[in-house]
Amino acid sequence: MPVYSHSQLNMYEQCPLKYKLRYRDRIKRDIEGIEGFLGSRVHDTLKKCYDNLRFTKINSLSALLAYYNKIWQENWHDSIFIMKQDLTPDDYRALGEKLIKTYYERYSPFDSDTTIGTEMGLNFALDDENKYRMTGYLDRLSWDKDDIYQIHDYKTSAHLPSQEDADNDRQLGLYHIGIQKKWPDIENIRLIWHYLAFDRELVSYRTPEAISKLIQNTKSLIDEIESVRDFPPCESPLCEWCEYPDLCPLRKHFIKVETMPVNEYLNEPGVALVNKYVALKDEAKKVDQETEKVKAAILDYARREEVEIIKGSDYKARVRFDEKLRFPGKNDEERQELDEVIKQAGKWAEVSQLDTTSLAHVVENSLWSKDLIEQAMKCGRIEVTDSIHISKLKDAEK
Ligand code: SF4
């Protein structure tokens, strides 16, 4: 079984296709979002701050900012991209300075705890058989004056999660497990996220029950990743930062046509077909609306004139007014009562039938035992269906 990290699991949950391209197919891309670049430089700077502190050296804020600006220049490369078009690299560099300053002013002279390690690598197994192996790097490990071990994580994002999010966070929960595997006698561990943009700490603890649940959930997720054969793309706002748009069926046509001059673009077969399809659908919608109006007029005419057949030039229309018996649908309130009446009368089998849509959902999501699903699948088959869904382009996609 391969070794997993929280980032890998996270990526699989966000987009199975991106996970496959990055971790299974090992396709390397050197493009990097500026948010990630900024985060790395801030982390490097705080690492230096605490590494020097272990030698009793307290860097001044200006020395740390000078270091930050130096490594910003040294690591800058042409493949860094900025999604927010109204911002420049210098805006982001200045933001990093502000984050470091905020952190420095809150924690200097950094004597509230003792640093054990920075960028500490962890390799551990979730089980005794060494089957589910995990790896990760925690930003900083320390112990405080009350002998509580503290796992620190620096966050440079502009999003502040809730306490509930922190209490359910997998990454630091896994580091908690890693630290306890490394030093089994450690009992008290505090998880701390430093949200630099908000000058806020989020703090959380894990009970033994929460740790057991986390281990179980993580093992189940790894089992799923190991067994699935399909890695479908999953569209989300994170697609804007994806390094594989040219390999993604949801994005690659955009990449193909975005640099084409207008005349070539309009003649590109995909573009031309979609434009034609949309025009025809518009036309069909108008025809449907008109048809409904004429249908209503025919029914009206038939009622008024008391006729059942109306003669046209080449066709005739037969009009029928039927009564239909209706019972409450599956989601209607009175439905449960109706079901009960029929079941209690012992007539259920006479009027009910298998809901094959629900059955497909159960099988696709493995909600029954493997044996039962296999038996059901002896009567099931995979059919390829197709559909086209038309939606308006977002501003960013134009
Ligand atoms: S563009 Fe979006 S859907 Fe496609 S692979 Fe990347 S993250 Fe997944």
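Residue positions are counted from 1 within each chain, in the order its sequence is given. It should be noted that, the model being predicted, local features are given only for residues of pLDDT at least 70 and side-chain atom pairs only at 80 or more, the latter also being counted only at that level, while totals for whole chains, interfaces and linings use all residues. Hydrogens and water are ignored here; the side-chain numbers use all heavy atoms of the structure.

## Describing a negative patch on the surface
The line we're drawing: Like charges within 9 Å and nonpolar side chains (Val, Leu, Ile, Met, Phe, Trp, Tyr) within 5 Å are joined into patches, using only residues over 30% in relative accessible area that form no salt bridge. Where accessible areas are quoted, they stem from the Shrake-Rupley method and a 1.4 Å probe; at the residue level, only the protein chains shown are allowed to cover. Criterion for a salt bridge: a side-chain nitrogen of Lys or Arg within 4 Å of a carboxyl oxygen of Asp or Glu. As used throughout, the charge tally considers Lys and Arg to be positive and Asp and Glu to be negative, leaving His and the chain termini uncounted. Charge coordinates come from a single atom per side chain, which is NZ of Lys, CZ of Arg, CG of Asp or CD of Glu. In this text, helices come from DSSP runs of H or I with a minimum length of four residues, and strands from runs of E with a minimum of two, each type numbered from the N-terminal end.
Judged by side-chain charge, Asp332, Glu333, Glu334 and Glu337 come together as a negatively charged surface patch. With respect to the helices and strands, the residue Asp332 is situated in the loop between β10 (316-318) and α12 (335-344).

## Topic: the packing of helix α1 (residues 6-14) against helix α8 (residues 208-227)
Helix packing geometry: the angle between the two helix axes and the distance between the axes. Rule in force here: Throughout, an axis means a line fitted to C-alpha atoms (over the contacting stretch in the case of helices), and angles, computed between N-to-C directions, take values from 0 to 180 degrees. Here is the rule for handedness: rotate from the far helix to the near one, and if that takes an anticlockwise turn smaller than a right angle the crossing is left-handed, while a clockwise turn gives right-handed. The contact rule is simple, with two residues in contact once any of their heavy atoms fall within 4.5 Å. Under the scheme applied, nonpolar residues are Ala, Val, Leu, Ile, Met, Phe, Trp, Tyr, Cys and Pro; charged residues are Asp, Glu, Lys and Arg; polar residues are all the others, including Gly.
Remark: α1 packs on α8, axes separated minimally by 11 Å, with the N-to-C direction vectors making an angle of 65°. Regarding α1 and α8, the two cross each other, and that crossing is left-handed. Along its contact with α1, which presents Leu9, Tyr12 and Glu13, the element α8 presents Thr218, Leu221, Ile222, Glu224 and Ile225. Classifying every residue of the contact of α1 with α8 gives 5 nonpolar, 1 polar and 2 charged.

## What to know about the pairing of strand β7 (residues 189-195)
Regular strands place their side chains on alternate faces of the sheet. Formally: Burial classes: relative accessible area under 20% of the type maximum marks a residue as buried, over 50% as exposed, and values in between as partly exposed (1.4 Å probe, protein chains only). If DSSP finds at least two bridges between two strands, the strands pair.
Burial of β7 is extensive: 7 of the 7 residues sit out of reach of the surface. Residue alternation in β7 divides its side chains into two sets, Ile189, Leu191, Trp193 and Tyr195 and Arg190, Ile192 and His194, and both sets are buried. Across 5 bridges, the pairing between β7 and strand β8 (residues 200-204) is antiparallel. When the sheet's bridge partners are listed, Ile192 is paired in β8 with Val203.

## Observations concerning helix α11 (residues 269-305)
What counts here: Expected span of a helix: the number of residues minus one, times 1.5 Å. Residues adjacent in sequence count toward polar contacts only when both atoms are side-chain atoms; beyond that, a polar contact is any pair of N or O atoms within 3.5 Å, and within protein one must be able to donate a hydrogen and the other to accept it.
Counted at 1.5 Å a residue, the expected span for α11 with its 37 residues is 54 Å, and the 52 Å between its end C-alpha atoms agrees. Between the side-chain oxygen at the start of α11 and the backbone nitrogen of Gly270 there is a gap of 2.8 Å, and the oxygen is on Glu268.

## Concerning the packing of α1 against helix α7 (residues 170-182)
Using the following cut-off: Geometric relationships in this document are graded by angle, where less than 35 degrees denotes roughly parallel, more than 145 denotes roughly antiparallel, 65 to 115 denotes roughly perpendicular, and other angles denote oblique.
Close contact between α1 and α7 brings their axes to 10 Å; oriented N to C, the two are set at 150°. In terms of axis orientation, α1 runs roughly antiparallel to α7. The hand of the α1/α7 crossing is right-handed. Only Arg170, Gln171 and Leu174 of α7 make contact with α1, whose side of the interface consists of His6, Leu9, Asn10 and Glu13. Its residues placed into classes, the contact of α1 with α7 shows 2 nonpolar, 3 polar and 2 charged.

## What about the side chain of Ser142?
Of note, Ser142 is situated in strand β5 (residues 133-144). For Ser142, the side chain forms a polar contact with the side chain of Asp113, separated by 2.7 Å. Within the structure, the side chain of Ser142 is placed 2.9 Å from the side chain of His152, a separation counted as a polar contact. Excluding residues that lie within four positions of it along the chain, Ser142 makes contacts with Asp113, Thr114, Thr115, Ile116, Ile148, Tyr149, Gln150 and His152.

## Digging into the domain arrangement of the protein chain
Interface size is often expressed as the accessible area that is lost when the parts come together. Put simply, the rule reads: Domain start and end points were adopted from an automatic or database domain assignment.
Structurally, the protein chain comprises domain 1 (31-111), domain 2 (114-228), domain 3 (263-318) and domain 4 (335-377). Taken over C-alpha atoms, the centre of domain 3 sits 40 Å from the centre of domain 4.

## A short note on the pattern of salt bridges
Per the stated rule, a full pass over the model turns up 22 salt bridges. Bridged by salt links that share partners, the residues Lys18, Arg22 and Glu243 form one connected network.

## Here we look at the nonpolar core
Selection rule: Here the nonpolar core consists of buried residues drawn from Ala, Val, Leu, Ile, Met, Phe, Trp, Tyr and Cys, with membership extended through side-chain atoms lying within 4.5 Å.
With 34 residues, the main nonpolar core has Leu126, Met134, Leu138, Ile151, Ile177 and Ile179 as its most contacted residues. Those elements giving two or more residues to this core turn out to be α1, β4 (113-125), β5, β6 (149-155), α7, β7 and α8. Ranked by residue count, the leading element in this core is α8, at 6 residues. Sequence-distant contacts of Leu126, that is, excluding residues within four places in its chain, are made with Tyr132, Met134, Leu174, Ile177, Lys181, Ile215, Thr218, Lys219 and Ile222. Counting 24 residues, the second largest nonpolar core, distinct from the first, contains Leu46, Tyr50, Leu64 and Ile100.

## Let's talk about unusual backbone geometry
Following Ser108, the chain continues to Pro109 via a peptide bond in cis, the omega torsion being 10°. With phi around 65°, Thr56 is a residue other than glycine that occupies positive phi space. Tracing the sequence through the fold places Thr56 in the loop between α3 (34-53) and α4 (61-75). Of the residues examined, Thr56 reaches a relative accessible area of 71% and is grouped as exposed. The phi torsion at Asp147 lies on the positive side, around 65°, for a residue other than glycine. Along the polypeptide, Asp147 turns up in the loop between β5 and β6.

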